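Understanding the architecture of this molecule
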Amino acid sequence: MCTNGLNLGQFKMMLDHIDDQVALDRRWVHKLYHAADDAGFGATAAVLKEVQGLLDEVRAQLAEAHDAFDKDSAAADGVTVSLV
């Protein structure tokens, strides 16, 4: 369905895709953190721990964007086109 020239379903799917990608990246950073920590690379491990936190923040912001999009799309006054 399109509203105001935007395919709503596709947009939500793209937000979900980005969230999935960030979740995957976070898991890899977590693995790298443990590898660096186990090898005694404390400074590297500390930075990777910070990166994990930042990626968690990104996911939280994406969740907020998803919620905001749901509210915006529900309130949209534009033209709606549906496949019949």
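Bear in mind the structure is a predicted one, so any value in this text is a computation, not a measurement.

What follows is about the overall build of the protein. Counting secondary structure elements, the protein contains two helices and three strands. Reading the helices (α) and strands (β) of the protein from amino to carboxyl end gives β-β-α-α-β. By the burial criterion, 19% of the 84 residues in the protein qualify as buried. Partitioning the contacts of the protein with sequence separation of at least 6, the portion at a separation of at least 24 is 71%. Within the structure as shown, the protein displays about 6100 Å² of accessible surface, and the carbon and sulfur contribution to it stands at 61%.

This part is about the side chain of glutamine 52. If you trace the backbone, glutamine 52 turns up in helix H2 (residues 42-75). The residues contacting glutamine 52, other than those within four sequence positions of it, are Arg26, Val29, His30 and Tyr33.

In this model, the protein carries a mean pLDDT of 90, and residues with pLDDT of at least 70 account for 86%. Confidence, expressed as mean pLDDT per element, reaches its minimum in the protein at strand E3 (residues 80-81) with 56 and its maximum at helix H1 (residues 8-38) with 96.

The subject of this paragraph is H1. Taking 1.5 Å per residue as the helical rise, H1 with its 31 residues ought to reach 45 Å, and the 45 Å between its terminal C-alpha atoms agrees with that figure. Among the residues of H1, Leu8, Leu15, Asp19, Val22, Ala23, Val29, Tyr33 and Ala36 are the ones counted as buried. For H1, the capping residue at the N-terminal end is asparagine 7, with a side-chain oxygen 3.2 Å from the backbone nitrogen of glycine 9. Positioned one or two residues after H1, glycine 40 has a phi angle of 85°, which is positive.

Next up on the list: the environment of glutamine 52. In this structure glutamine 52 comes out as buried when scored by relative accessible area, which is 2%. Remark: the alpha-carbon pair of glutamine 52 and arginine 27, spanning 25 residues in sequence, is separated by 8.4 Å. Looking at glutamine 52, its side chain comes within polar contact range of the side chain of arginine 26, at 3.1 Å.

Per the counting criterion, the structure on display carries three salt bridges. A salt bridge links aspartate 70 to lysine 12; its shortest N-O distance comes to 3.1 Å. Placement of the pair is aspartate 70 in helix H2 and lysine 12 in helix H1, with a sequence separation of 58 residues. Its relative accessible area of 28% is what places aspartate 70 among the partly exposed residues.

Procedures and definitions
- Residues numbered from 1 in each chain as written.
- Predicted model: local features only at pLDDT ≥ 70, side-chain atom pairs only at ≥ 80, totals over all residues.
- Heavy atoms only, no water.
- Helix = DSSP H or I, 4+ residues; strand = E, 2+ residues; numbered from the N terminus.
- Buried < 20%, exposed > 50% of the residue type's maximum accessible area, 1.4 Å probe, protein only.
- Contact = heavy atoms within 4.5 Å.
- Areas by Shrake-Rupley, 256 points an atom, 1.4 Å probe, with all protein chains shown as cover.
- pLDDT = per-residue confidence, 0-100.
- Expected span 1.5 Å × (residues − 1).
- Polar contact = N/O pair within 3.5 Å; in protein donor to acceptor, adjacent residues only side chain to side chain.
- Salt bridge = Lys/Arg side-chain N within 4 Å of Asp/Glu carboxyl O.

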